[in-house]
2 protein chains.
Amino acid sequence: MQEEPIAFSAESYFATQPAPPSLAEHIAGVKEFVHRQVSQNRNVVLVTSGGTTVPLELNVVRFLDNFSAGTRGATSAEYFLEAGYAVIFMHRQFSLQPFSRHYSHSTNPFLDLLTVEDDAVGVAADKRAGADLLAVLTAYKRVQTAGTLHTLTFVTVNDYLWLLRAVSQELSVLRRRAMYYLAAAVSDFFLPRQKMSEHKIQSGKGSLHIEMDQVPKILKPMVEEWTPDGYIVSFKLETEERLLVPKARAALERYGHQVVIGNELHTRKWQVMFVERKRKPLPPLPPGVEEEATLEAGNPELETTAQEEVPAAASNVLPTTSTEDGDAAQGSQTTAETAATEETSVPAPPPPPKSPTNNTNDSMTFVESWLRIPNTPTVTGTPQVKEKEIEEDIVAELVRRHALWINSAG
Amino acid sequence: MQEEPIAFSAESYFATQPAPPSLAEHIAGVKEFVHRQVSQNRNVVLVTSGGTTVPLELNVVRFLDNFSAGTRGATSAEYFLEAGYAVIFMHRQFSLQPFSRHYSHSTNPFLDLLTVEDDAVGVAADKRAGADLLAVLTAYKRVQTAGTLHTLTFVTVNDYLWLLRAVSQELSVLRRRAMYYLAAAVSDFFLPRQKMSEHKIQSGKGSLHIEMDQVPKILKPMVEEWTPDGYIVSFKLETEERLLVPKARAALERYGHQVVIGNELHTRKWQVMFVERKRKPLPPLPPGVEEEATLEAGNPELETTAQEEVPAAASNVLPTTSTEDGDAAQGSQTTAETAATEETSVPAPPPPPKSPTNNTNDSMTFVESWLRIPNTPTVTGTPQVKEKEIEEDIVAELVRRHALWINSAG
């Protein structure tokens, strides 16, 4: 007997799935942190990072996972801290974290920094004043002293969804000064608790069958209910560059948030695309100019505003002149070590409207801008401190846009 | 159309599934390491640790995983090194490793050990001569100097199987002096490469269907072909204590290796069960004494041999007097942080024979011994250096049994 999958809305999800036991305690910590940042007049960004799991058994041994070392999130968190933001770093247990990410056990073992002499532990002579360790450690101590980093961990997609809702609600007191940087790789499918006992793994004829339901889309209630004034940035990871624009646009139309950062699996370390809706809806355009309106080169109003209020942060942000900018993807094969760090979605979204007039909002248009750094692939593993990281420019650009957006509040 | 699952033997598996690209390079390193240990007259143990993944897509974003932080393997590796063994530590990328496991990023961040003063990095005053850090670091440096630890990483179950076969074949030159401590949590199911394109995740009606095939049982060819003289220890993790004995016996009968260490999910930090076959087959016993023969209190021959050749290492190894020793499991709820570290299997094995006479080998009997340490549950996370770890006694007991077994070679 085939059971009909349940279509979960966010509302029915939270009404039927159990909250993680430690939620209240974690949220008390967040409340205190947010209160302190408000009193110190800081912007706060929630950075989500790493992959969520889907447990397949109540006594969890097996689970479905999304590949993510957490590089994008951990790296970006450091740059947000440097830019003066307070950061709530909500990450998958054991995924990379800001600062310690530079000393991954596999590629740069921290025990090699230390020495034993005369029964005392010391730092190896060549590391004591080395720029890399000193810079990382100095930044780490500064953040500790300032109290601007608060860490939360999740494992399952259920942990993640409950935490995201509760943290968003806490952060909503900051109104426009709260940013959400949703870089976690979130599962699309899950096994509802109510089905879990029925769904214990069957091994008939030596093969395994798993049937799961879709995770509700939570960006919509996040935008409309949980934190209506928040500045929300989501990620789209694709394996085909040509899908970035249509998928990013579809997400912006569907959820109504501020920015989608699109990236392609093999090139995401040195190029990403920012996609925004045009801020002022235009009246419907007559046939013949539709295509131009949709794909216009930039948003002069936004650029102008930017120059008036905040100098452009990232000089390598290039507004595109079309959705297909003609560059071949420069990707080399990505190995497991450097695999996906962002939200992915498998079910194909409805095809994007060919022109604004196909849209429910007749005047919806989009602005796409590429952000690129020189492609200098690192050796596999942890990026070295001194190498240029694209997250530096992503964060600078978002900080710029966020400032514009705060200031444009009417 | 339902496709019939393929039943893979180890042979057909390796004939049809692609070897990892770096296999030859890794094995060259192992060969060199083994050669050096042979020349230095050391026993070598292969420790496998952490969970294997099953990728669900060729462009890997989603995968099935087995929960394992790698605590059992990483901890045991340290004690094997201390006992004078050379260790090949074959672990899941990013799972815990010997020595660095004490400074997990989440629970005991190593950056907190360091200070910045006058633009130089130092060690915090209270840590410089602290026993914990000093002991870990001293052991780490000693192992580095001796060159007795060789690390290999895997991600997928395919990586694991290819590596295990190749490493076993290299280690087989050590004959009885090679030990295998198979603590990795290995997937039971996988997606054959040939099916992978057909098996891309389907999202019909908003639900996900996955169909997989069984991973071949590789202990049998390992015992019979790859390393026929090796001392092979496998793990069984169950959630019901009463299943430990029948499942461990079934594994020993089926594969013919030396020891199964059984452990129950909630109590595995302070008790495990050693299960061995009786070494000399007995003639079939008349009805009425069968049950006693099967479940006898100990193996006097083994105990005697032990006292003659090597003093018993672990004073808390208690041979049981029956398969059900009457102790209630003392488990508290295990959280995701401390979840399964050992091989698990879901398909129920054939029920164990009720008495030796039901067996294909009429005289096969087993010896079960509990190994226990006091139950002092630690706070969640990394064990502290000074707390008693059950792996210390597990390794001591295995080292003792391995020595007996080497010496008993005819």
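Cut-offs applied
- Residues numbered from 1 in each chain as written.
- Chains lettered and ligands numbered in written order.
- Predicted model: local features only at pLDDT ≥ 70, side-chain atom pairs only at ≥ 80, totals over all residues.
- Heavy atoms only, no water.
- UniProt positions renumbered as here; feature names shortened; annotations may be inferred.
- Helix = DSSP H or I, 4+ residues; strand = E, 2+ residues; numbered from the N terminus.
- Buried < 20%, exposed > 50% of the residue type's maximum accessible area, 1.4 Å probe, protein only.
- Contact = heavy atoms within 4.5 Å.
- Areas by Shrake-Rupley, 256 points an atom, 1.4 Å probe, with all protein chains shown as cover.
- Axes fitted to C-alpha atoms, helices over the stretch in contact; angles between N-to-C directions.
- Parallel < 35°, antiparallel > 145°, perpendicular 65-115°, else oblique.
- Left-handed = near helix turned anticlockwise from the far one by under 90°.
- Pairing = 2+ DSSP bridges.
- Phe/Tyr/Trp six-rings, centres within 6.5 Å; stacked < 30°, edge-to-face > 60°.
- Lys NZ or Arg CZ within 6 Å of the ring centre and 35° of its normal.
- Core = buried A, V, L, I, M, F, W, Y, C linked by side-chain atoms within 4.5 Å.
- Domains from an automatic or database assignment.

For chain A, an unreviewed UniProt entry supplies the name DFP domain-containing protein and the organism Favolaschia claudopus. Entered under Sequence similarities (unreviewed entry) in the UniProt record, the comment concerning chain A runs "Belongs to the PPC synthetase family."

## A look at the overall build of chain A
Scanning chain A from terminus to terminus reveals twelve helices and 15 strands. By the burial criterion, 56% of the 410 residues in chain A qualify as buried. Counting contacts in chain A only where the partners sit at least 6 residues apart, residues at least 24 apart contribute 80% of the total. A total accessible area of about 17,000 Å² is found for chain A, and carbon and sulfur atoms account for 52% of it.

## Here's the deal with the packing of helix H3 (residues 71–82) of chain B against helix H12 (residues 390–407) of chain B
Residue and element names in this part refer to chain B. Viewed as axis vectors pointing N to C, H3 and H12 meet at an angle of 55°, and their least axial separation amounts to 9 Å. Considered as vectors, H3 and H12 are oriented oblique to each other. With respect to the hand of their crossing, H3 and H12 are arranged in right-handed fashion. Residues Arg72, Thr75, Ser76, Tyr79 and Phe80 of H3 form the contact with H12, whose own contacting residues are Ile390, Glu391, Glu392, Ile394, Val395, Leu398 and Val399.

## Focus on the pairing of strand E15 (residues 366–372) of chain B
Along any regular strand, the residues point their side chains to alternate faces of the sheet. Residue and element names in this part refer to chain B. Counting buried positions over the seven residues of E15 gives seven, a clear majority of the element. Alternating positions in E15 separate into two faces, Phe366, Glu368, Trp370 and Arg372 on one and Val367, Ser369 and Leu371 on the other, with burial throughout. The sheet contact formed by strand E13 (residues 271–277) and E15 spans seven bridges and is antiparallel. In the strand pairing of E15, Val272 is matched with Leu371.

## What to know about the packing of aromatic side chains
This structure, assessed with the given rule, holds 27 aromatic pairs over all chains. Relative to B:Tyr103, the ring of A:Phe110 lies with its centre 5.7 Å away and its plane at 80°, an arrangement referred to as edge-to-face. Of the two residues, A:Phe110 is situated in the loop between strand E4 (86–92) and strand E5 (114–117) and B:Tyr103 in the loop between strand E4 (86–92) and strand E5 (114–117); the pairing between them involves two chains. There is no split in this pair, since A:Phe110 and B:Tyr103 are both buried. Aromatic rings pair up to connect A:Phe8, A:Tyr13, A:Phe14, A:Trp162, A:Phe190 and A:Trp226 into one cluster. Above the ring of A:Trp405, the side-chain terminus of A:Arg176 is found at 4.0 Å from the ring centroid.

## Some words on the nonpolar core
Nonpolar side chains in soluble globular proteins generally cluster together in the buried interior. Core analysis: the biggest nonpolar cluster contains 118 residues, and A:Ile88, A:Leu171, B:Ile88 and B:Leu171 have the highest contact counts within it. Structurally, this core is a two-domain feature, drawing no fewer than three residues from each of domain 1 (1–105 + 142–229) and domain 2 (261–410) of chain B. With near-sequence residues (within four places) excluded, B:Leu171 lies in contact with B:Val34, B:Val44, B:Leu46, B:Ile88, B:Ala178 and B:Tyr180.

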